[in-house]
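Examination of the molecular architecture
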There are 2 protein chains.
Amino acid sequence: MSEVHVVRRSRLRERCATSAADGSPADAVLVSRPANIRYLTGRAPSGASLLLGAGGQDTLLLPAACDTPEPGVAHAHPGDELRIERLPGPDGDTAVAAADLAAKQGARELAVEEHHLTVSRHRAVTSVAPRLRLTGLGTAVEQQRVIKDDAEISALRIAAEITDQALGELLESILVGRTERHLALELERRLIDHGADGPAFPTSVGAGGNSGLPGHRPTDRRVEEGDFLSVRLGARYQGYGCQIGRTFVIGTAPDEWQIELYDLVFAAQRAGREALAPGAACRDVDHAARQVLDAGGYADALGVATGHGVGLEIGEDPRLSPAAMGKLDACVPVTVEPGVHLPGRGGVRIDDTLVVRPPADGGPELLTITTKELLAL
Amino acid sequence: MSEVHVVRRSRLRERCATSAADGSPADAVLVSRPANIRYLTGRAPSGASLLLGAGGQDTLLLPAACDTPEPGVAHAHPGDELRIERLPGPDGDTAVAAADLAAKQGARELAVEEHHLTVSRHRAVTSVAPRLRLTGLGTAVEQQRVIKDDAEISALRIAAEITDQALGELLESILVGRTERHLALELERRLIDHGADGPAFPTSVGAGGNSGLPGHRPTDRRVEEGDFLSVRLGARYQGYGCQIGRTFVIGTAPDEWQIELYDLVFAAQRAGREALAPGAACRDVDHAARQVLDAGGYADALGVATGHGVGLEIGEDPRLSPAAMGKLDACVPVTVEPGVHLPGRGGVRIDDTLVVRPPADGGPELLTITTKELLAL
């Protein structure tokens, strides 16, 4: 992957040279946000900072108390011109050290991630290199991350396969009488069994009145006959995370209201999926899903977004919401995840991860292929 | 717990009224760091901000897309004069809304957590309320959190009990042939089985050459005869997390070098534990443990700190390191966790969580009571 990272860093450099946030080119760039460092170097030890230096030299600075498995890493992958330095003392800040290094390398301007650096760290960066003019990098790296390359999409495909396997196995087991917590833990164990780095986000399992809540944390509520059971999980594989959400009915046959609600959410989710195309406005995709629920009388039950990008982070750009700006591109993986929760009764969520593709390529590529039929378990 | 939170907020208010970071009193205080919000309110929905307003009114602002289980929370616990407001739109920032509210309530100054707010958020806060003078709250809340009350220590005791139980059960099972990953997952499952909110930090299991590495992430390495096996885990209970670390030998009898290394780390850890007392300098506790390893010839193998505070966060103040300032107080829970790792061979870590107590009360209270004998499993 190391050549990929060199190319990504070059692209960022070019972008900064042509248009810094305030219009003037930045000599040097300081990246501190972990997912962005990982995107640009393939690694993200906690507390690290990446300096794209004025002379073309890239340096990854690690804290002394770094939890990297190999202490004393001092060289990069072959072909990757990345120097790795570890701070000598325990109390140093890698961003401050990076600014110091940038000044010593002759930079006059340094673009920093103002949406990640705290006020205190920014001040410390300023004071270590008072002649360095600090500018804003904005979300340049995040924007670069939106369109995925083949290797990234492959990682997402594998993440989705693992997720489908873990979920499929759970569905074959007895669910009645088990708690939400245990089911969530078992799903996470199965993700790792099948080769995930770990869960991409905390697994959500909601039974009965807890079903259909978007951010529900599993409780000791046991699964009972007649419940809606909603699960949301996703594997992380080589750093890339996907997301699936499904809702089931426990028992022999669903109630009338359960079938109606499920069909409505399913129709909304399908409308969202079908609206995915290169050039489609993000808000239009949201609207496609949302209007189905609106028409069913559930306008208020719906959350603020019906989907979002996935990649090195769950919930990255783009955002599919009424206020979202911008359009989709090909090779952008997103979730489509409308849901309705009726307080006291429960609800339905159906989430998929898909990659936007042009109609000529068969339209959106569905990564999470577990059935969306309403299963009675 | 709600009266406790009212008292904590009053103390913070008093502290800010008498000595703001720049010497002048702040009318209003904006707390954005999640652990600090939890300490002051008992809850910490993601993206929330807490305003201690100029008129004595405290408001917790929640984002519209909040993952609180109960959407639309609009009132606080009885006796807790905390108003809870949810932002109307999906794109609002609760810190910005809090600053806006502070200005409307007539505040002239607002103390913010500059070590938590990003440059971008700070700028947005400034521009929504340009007449409000922003000052630095510093780490006032973190400092207030250092000495724990009885309820906090009770929660830590239960966290430690759960942790000991989970570890004890693992030791009764067959370990040879299982991977680090699986052992870590099983430990985390057992933590939750015994009533933990979850793990307080990612469980570390290191076998053979991976043993004794402080921040080791579990791999697919299988446990083999003759290995050192080091585990580090901790339950979180009612928000409070503890930490235990133990090292075992796999097989019938440890090698000579394993016994020697273990005895040395054990002696260092005991020296650290015995140095814990109200009034003891943090650096002296570190020195007590460190000098034993230094004398054994392992000066370089040691990390930058030999312990740290625990509570709502793992790794909070105080820090036990050579550069640490300050002294210990009674009722401060800390870890003592020296370790040595020999590259290629493995190593030993022994971590305990203890509460600092005066000698008249029997000295430090050991919370994590799993044996520290060198067990051959």
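Residues numbered from 1 in each chain as written. Chains lettered and ligands numbered in written order. Predicted model: local features only at pLDDT ≥ 70, side-chain atom pairs only at ≥ 80, totals over all residues. Heavy atoms only, no water.

The subject of this paragraph is the packing of aromatic side chains. Under the counting rule described, the total for this entry stands at 2 aromatic pairs over all chains. Taking the centre distance of 5.5 Å and the plane angle of 80 degrees together, the rings of A:Phe228 and A:Trp257 count as edge-to-face. Of the two residues, A:Phe228 is situated in strand E9 (residues 228-233) and A:Trp257 in helix H8 (residues 256-275); the sequence distance between them amounts to 29 residues. Residue classification places A:Phe228 among the buried residues on the basis of a relative accessible area of 1%. By relative accessible area, A:Trp257 is classed as partly exposed at 23%. The residue whose ring lies beneath B:Arg8 is B:Tyr39, and the NZ or CZ to ring-centre distance is 4.1 Å. Lying over the aromatic face of B:Trp257, B:Arg345 brings its terminal NZ or CZ to 4.2 Å of the ring centre. (Phe/Tyr/Trp six-rings, centres within 6.5 Å; stacked < 30°, edge-to-face > 60°. Helix = DSSP H or I, 4+ residues; strand = E, 2+ residues; numbered from the N terminus. Buried < 20%, exposed > 50% of the residue type's maximum accessible area, 1.4 Å probe, protein only. Lys NZ or Arg CZ within 6 Å of the ring centre and 35° of its normal.)

Right, let's get into the relation of the copies chain A and chain B. Overlay of chain A on chain B (RMSD 0.0 Å): rotation 180 degrees, translation along the axis 0.0 Å. Overall, the copies show the geometry of a two-fold rotation axis. Of the C-alpha atoms belonging to chain A, the one lying closest to the rotation axis is found on A:Thr118, 1.9 Å away. Both copies share a contact surface, since 100% of the interface residues of chain A are interface residues in chain B too. (Least-squares fit on C-alpha atoms with pLDDT ≥ 70 in both. Contact = heavy atoms within 4.5 Å.)

Every contact between the two is made by 30 residues of chain A and, on the other side, 30 residues of chain B. With both chains or domains summed, chain A and chain B bury close to 2,600 Å², and 60% of this area falls on carbon and sulfur atoms. Among the residues chain A hides against chain B, the three largest losses belong to A:Glu114, A:Val119 and A:Leu185. Together they make up 20% of the total. Note that B:Glu114 is salt-bridged to A:Arg123, the shortest N-O span being 2.8 Å. Secondary-structure elements contributing two or more residues to the side of chain A that touches chain B are helix H4 (119-128) and helix H7 (180-193) of chain A. (Buried area = accessible area lost by both parts, 1.4 Å probe. Salt bridge = Lys/Arg side-chain N within 4 Å of Asp/Glu carboxyl O.)

Residues and elements named next belong to chain A. Within the open sheet, the 3 strands sit side by side as E8-E9-E12. Their pairing is antiparallel. Among the strands making up the open sheet, the edge pair consists of strand E8 (204-207) and strand E12 (244-249). On average, adjacent strands in this sheet sit at an angle of 10 degrees to one another, irrespective of strand direction. Relative to E12, E9 runs antiparallel, the two sharing 6 bridges. Residue pairing for E12: Val231 is matched across the bridge by Arg246. Its contacts with the sheet put H7 on E8 and E9, and the angle it makes with E8 is roughly 150 degrees. (Pairing = 2+ DSSP bridges. Axes fitted to C-alpha atoms, helices over the stretch in contact; angles between N-to-C directions.)

A few words now on a negative patch on the surface. Residues and elements named next belong to chain A. On the surface, a cluster of negative charge is contributed by Asp255, Glu256, Glu260 and Asp263. Within the fold, Glu256 resides in helix H8. For Glu256, a relative accessible area of 59% puts it in the exposed group. (Patch = residues over 30% accessible without salt bridge, like charges linked within 9 Å, V, L, I, M, F, W, Y side chains within 5 Å. Areas by Shrake-Rupley, 256 points an atom, 1.4 Å probe, with all protein chains shown as cover. Lys, Arg positive; Asp, Glu negative; His and termini not counted. Charge placed at Lys NZ, Arg CZ, Asp CG, Glu CD.)

Further remarks concern the domain arrangement of chain A. All names here are of chain A. Partitioning chain A into structural domains gives domain 1 (2-144) and domain 2 (150-366). Once you take the C-alpha centre of each, domain 1 and domain 2 turn out to be 35 Å apart. In this complex, domain 1 contributes 5 residues to the contact, which on the side of domain 2 involves 6 residues. Summed over both partners, the interface of domain 1 with domain 2 comes to about 510 Å²; 50% of that surface belongs to carbon and sulfur atoms. Contact with domain 2 buries area across many residues of domain 1, yet Ala35, Arg38 and Tyr39 alone supply 59% of it, more than any other trio. Glu313 serves as the salt-bridge partner of Arg33, at 2.8 Å between the closest nitrogen and oxygen. Remark: the boundary between domain 1 and domain 2 carries 1 residue pair in polar contact (both at pLDDT 80 or more). The leading source of residues in the side of domain 1 that touches domain 2 is helix H2 (residues 34-41), at 3 residues. Each residue belonging to the side of domain 1 that touches domain 2 can be placed in one class, and the counts come to 2 nonpolar, no polar and 3 charged. (Domains from an automatic or database assignment. Polar contact = N/O pair within 3.5 Å; in protein donor to acceptor, adjacent residues only side chain to side chain. Nonpolar A, V, L, I, M, F, W, Y, C, P; charged D, E, K, R; others polar.)

All names here are of chain B. Two elements in contact, helix H6 (residues 150-171) and helix H7 (residues 180-193), have axes separated by 9 Å at closest approach and are oriented at 135 degrees. In terms of orientation, H6 and H7 fall into the oblique class. Between H6 and H7 lies a crossing whose hand is right-handed. Counted together, Ile162, Thr163, Ala166, Leu167, Glu169 and Leu170 of H6 and Leu183, Glu186, Leu187, Arg190 and Leu191 of H7 form the full contact between these two elements. Split into classes, the residues belonging to the contact of H6 with H7 amount to 7 nonpolar, 1 polar and 3 charged. (Parallel < 35°, antiparallel > 145°, perpendicular 65-115°, else oblique. Left-handed = near helix turned anticlockwise from the far one by under 90°.)

Moving on to the pairing of E12(A). Here E12(A) lies mainly inside the structure; 6 of its 6 residues are buried. Burial of the side chains of E12(A) extends over both faces: A:Ile244, A:Arg246 and A:Phe248 are buried on one face and A:Gly245, A:Thr247 and A:Val249 on the other.

Turning next to unusual backbone geometry. In this structure, the amide linkage connecting A:Asp317 to the following residue, A:Pro318, adopts the cis form with an omega of 0 degrees. Structurally, the position occupied by A:Pro318 is in strand E14 (residues 314-320). Phi at B:Gln238 is positive, roughly 50 degrees, even though this residue is not glycine. In this fold, B:Gln238 is placed in the loop between strand E10 (235-237) and strand E11 (240-241).

Before going further, it helps to examine the environment of A:Thr139. All names here are of chain A. Checked against the element boundaries, Thr139 lands in the loop between strand E6 (133-136) and helix H5 (140-145). Note on Thr139: relative accessible area 31%, which makes it partly exposed. Each C-alpha atom, one on Thr139 and one on Glu152, is 20 Å from the other, the two residues being 13 residues apart in sequence.

Moving on to the nonpolar core. Counting 52 residues, the largest nonpolar core has A:Leu12, A:Val31, A:Leu137 and A:Leu229 as the members making the most contacts within it. If you tally residues by element for this core, the top one is helix H6 (residues 150-171) of chain A, at 10 residues. Once residues within four sequence positions are removed from consideration, A:Leu229 is found in contact with A:Leu175, A:Leu183, A:Val205, A:Gly206, A:Ala207, A:Ser211, A:Val223, A:Arg246, A:Thr247, A:Phe248 and A:Ile250. The next biggest cluster of nonpolar side chains, apart from the first, holds 51 residues, and it includes B:Ala111, B:Ala160, B:Leu187 and B:Cys242. (Core = buried A, V, L, I, M, F, W, Y, C linked by side-chain atoms within 4.5 Å.)

What follows concerns the sheet that holds strand E7 (residues 198-199) of chain A. Residues and elements named next belong to chain A. One open sheet accounts for 3 strands, arranged E7-E10-E11; its pairing is antiparallel. Either end of the sheet is taken by a strand with one partner, and the two such strands are E7 and strand E11 (240-241). Relative to E11, strand E10 (residues 235-237) runs antiparallel, the two being bridged by 2 bridges. Note on E11: the bridge partner recorded for Arg236 is Gly241.

Turning our eyes to something else, we now look at the confidence of the model for chain A. For chain A, the average pLDDT comes to 90, and 92% of its residues sit at 70 or higher. Overall, residues 67-76 of chain A carries pLDDT values under 50, and its contacts beyond four positions in sequence, including any with other chains, amount to 20 contacts. (pLDDT = per-residue confidence, 0-100.)

In this section: the pattern of salt bridges. Where side chains of opposite charge bring their charged atoms close, a pairing between them can arise. Scanning the model with the defined rule gives 64 salt bridges over all chains in all. Here B:Arg290 and B:Asp286 are joined by a salt bridge, their closest N and O atoms 2.8 Å apart. Here B:Arg290 and its partner B:Asp286 are both found in helix H9 (residues 282-295), 4 residues apart, which amounts to about one turn of the helix. Taking the relative accessible area as the measure of exposure, B:Arg290 reaches 13% and is therefore buried. Salt bridges sharing partners connect three or more residues here, namely A:Arg33, A:Glu142, A:Arg145, A:Lys148, A:Glu313 and A:Glu316.

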